[in-house]
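# Structural features, examined
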Amino acid sequence: MIKHLIKKEFLQIRRNSFMPKIIFIFPIMVMCVMPWVMNQEVKNIRVDVVDIDHTTRSQQLVHSIEASNYFIFNGQKTSYQEAIKDIETSKADIILEIRDGKYLIAANAVNGTKGAIGSAYLSQIVSGAASVSSATAVLNLYNKGQSYKVFMIPALMGILMMMLCGFLPALNIVGEKEKGTIEQINVTPVLKWSFILAKLIPYWIIGLVVLTLCLMLSWLVYGITCQGSLLLVYLLAILLALFFSSFGLIVSNYSDTMQQAMLVMWFFVVCLMLLSGLFTPVRSMPDWAYLTTYVNPMHYFADAIRTVFVRGGTFQSIAHQVAALAIIAALMSVWAVQSYKKNS
């Protein structure tokens, strides 16, 4: 029985002219475009220099700023007042004043991120120029090139699994409710768990196909490969797909229209994504917000997949995250079955 139900789901997907296209075009666009634009590195920072000392060391510092890939040297100004006018008219982002061997960095903090990171970059150059020799050496054990793409690609895989395995099942049952075809299922002897499982399995398969496509694009486009076991990556993806597909079915079971299901799904998906640590460290959140990570499957997935993908971690390294994902996914699956109301 369940085999025929799964076949029905695939036939419905194939007969929908839009669905197969979005399933493949969406991951390709995300993997080929987003790693380039979702980048928290700050470049093209315009710097005004006010060099009162005119010493050899200050000139060397100016040349270091000119040679940096992060800064655009905006020229030397005769006074701080002249430079601050560039800040006020948005012609400059940072001022470096050199006076009596001391350095003053003033940043335009209207864009807080650009001001803070730009000041940090400039401080490193100033510190390096101020010291003749340095006994400090930095050794990067993982992501040695410090490429932000290596950090973002595993996160994008999680986002794709969340969107495809969450939204598509949510819209599936609601779509059948609106068309009236759900009533034909309700009068059959099909068990609830068989019906729900038949709804979930196609999207699990689609999710794994999309994940494989993402891994191939990561290798072909960026030359980035998984440092750990691919089996662990697929295990994490299966658990995440189980959670979001179950969650999508729960939303659809309680929704009457497609619009209602979309809005509810979007609300929870955005919250889970922003509070998961995919983009910013969770430790920077307030204590009350950090507590939400204990029940956020995206947080466990992000931690685990980056451990495997970037660091080459083993199963022992992610056992805690796998256990938490499995428990949360199992609870959501039970809820998905129980929330489906089958009227015979």
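I will try to describe carefully the structure that is included in this document.

Criteria and thresholds
Residues numbered from 1 in each chain as written. Predicted model: local features only at pLDDT ≥ 70, side-chain atom pairs only at ≥ 80, totals over all residues. Heavy atoms only, no water. Axes fitted to C-alpha atoms, helices over the stretch in contact; angles between N-to-C directions. Helix = DSSP H or I, 4+ residues; strand = E, 2+ residues; numbered from the N terminus. Parallel < 35°, antiparallel > 145°, perpendicular 65-115°, else oblique. Left-handed = near helix turned anticlockwise from the far one by under 90°. Contact = heavy atoms within 4.5 Å. Nonpolar A, V, L, I, M, F, W, Y, C, P; charged D, E, K, R; others polar. Polar contact = N/O pair within 3.5 Å; in protein donor to acceptor, adjacent residues only side chain to side chain. Phe/Tyr/Trp six-rings, centres within 6.5 Å; stacked < 30°, edge-to-face > 60°. Buried < 20%, exposed > 50% of the residue type's maximum accessible area, 1.4 Å probe, protein only. Lys NZ or Arg CZ within 6 Å of the ring centre and 35° of its normal. Patch = residues over 30% accessible without salt bridge, like charges linked within 9 Å, V, L, I, M, F, W, Y side chains within 5 Å. Areas by Shrake-Rupley, 256 points an atom, 1.4 Å probe, with all protein chains shown as cover. Salt bridge = Lys/Arg side-chain N within 4 Å of Asp/Glu carboxyl O. Pairing = 2+ DSSP bridges.

### Concerning the packing of helix 8 (residues 192-222) against helix 13 (residues 315-339)
Two elements in contact, helix 8 and helix 13, have axes whose closest approach is 9 Å; the angle formed by their N-to-C orientations is 120°. Accordingly, the angle class assigned to the pair helix 8 and helix 13 is oblique. As for the relative orientation of helix 8 and helix 13, their crossing is right-handed in sense. Facing helix 8, whose interface residues are Lys192, Trp193 and Ile196, helix 13 presents Ala336, Val337 and Gln338. Partitioned by chemical class, the residues of the contact of helix 8 with helix 13 number 4 nonpolar, 1 polar and 1 charged.

### Quick word on the side chain of Lys77
With respect to the helices, strands and loops of the structure, Lys77 is situated in the loop between strand 2 (71-76) and helix 4 (80-88). Within polar-contact distance, the side chain of Lys77 engages the side chain of Asp86 at 3.4 Å. Excluding residues within four positions of it along the chain, Lys77 makes contact with Asp48, Val49, Val50, Asp51, Glu82, Ala83 and Asp86.

### A look at the packing of aromatic side chains
In total, this model carries 8 aromatic pairs according to the counting rule given. Ring centres of Phe167 and Trp266 lie 6.3 Å apart, and the angle between their planes is 50°; on these two criteria the pair is classed as tilted. Of this pair, Phe167 sits in helix 6 (residues 148-179) while Trp266 sits in helix 10 (residues 258-274), and the two are 99 residues apart along the sequence. Exposure remark for Phe167: the relative accessible area of 9% places this residue in the buried category. Summarising the aromatic geometry, the rings of Phe243 and Phe244 are spaced 4.8 Å apart at their centres and angled 80° between planes, so their arrangement reads as edge-to-face. Residue classification places Phe244 among the buried positions, given a relative accessible area of 0%. Through a chain of ring-to-ring contacts, three or more aromatic side chains come together here, namely Phe243, Phe244, Phe247, Phe267 and Phe268. A cation sits over an aromatic face here: Arg306 above Phe151, 3.7 Å from the ring centre.

### Concerning the side chain of Ser339
Structurally, the position occupied by Ser339 is in helix 13. When residues no more than four places from it in sequence are discounted, the contact partners of Ser339 are Ile250, Asn253 and Tyr254.

### Examining a nonpolar patch on the surface
Together, Ile25, Met29, Val33, Met34, Trp36, Val37, Met216, Trp219, Leu220 and Val221 make up an exposed nonpolar region whose accessible area comes to about 1000 Å². The set of elements that each furnish at least two residues to the nonpolar patch consists of helix 2 (19-37) and helix 8. Of the residues forming the nonpolar patch, the biggest block, 6 residues, is contributed by helix 2. With respect to the helices and strands, the residue Met34 is situated in helix 2. Take Met34: its relative accessible area is 31%, and that puts it in the partly exposed class.

### Some points on the sheet that holds strand 1 (residues 45-51)
Spatial strand order, 2-1-3-4: 4 strands in an open sheet with mixed pairing. With partners counted over all chains shown, the strands left at the sheet margins are strand 2 and strand 4 (102-107), one partner each. Averaged over neighbouring strand pairs, the angle between their axes works out to 25° when direction is ignored. With 5 bridges joining them, strand 1 and strand 3 (residues 94-99) adopt parallel strand pairing. Note that in strand 3 the partner of Val49 across the bridge is Leu96. Along the sheet, helix 3 (residues 56-67) makes contact with strand 1, strand 2, strand 3 and strand 4, crossing strand 2 at roughly 140°.

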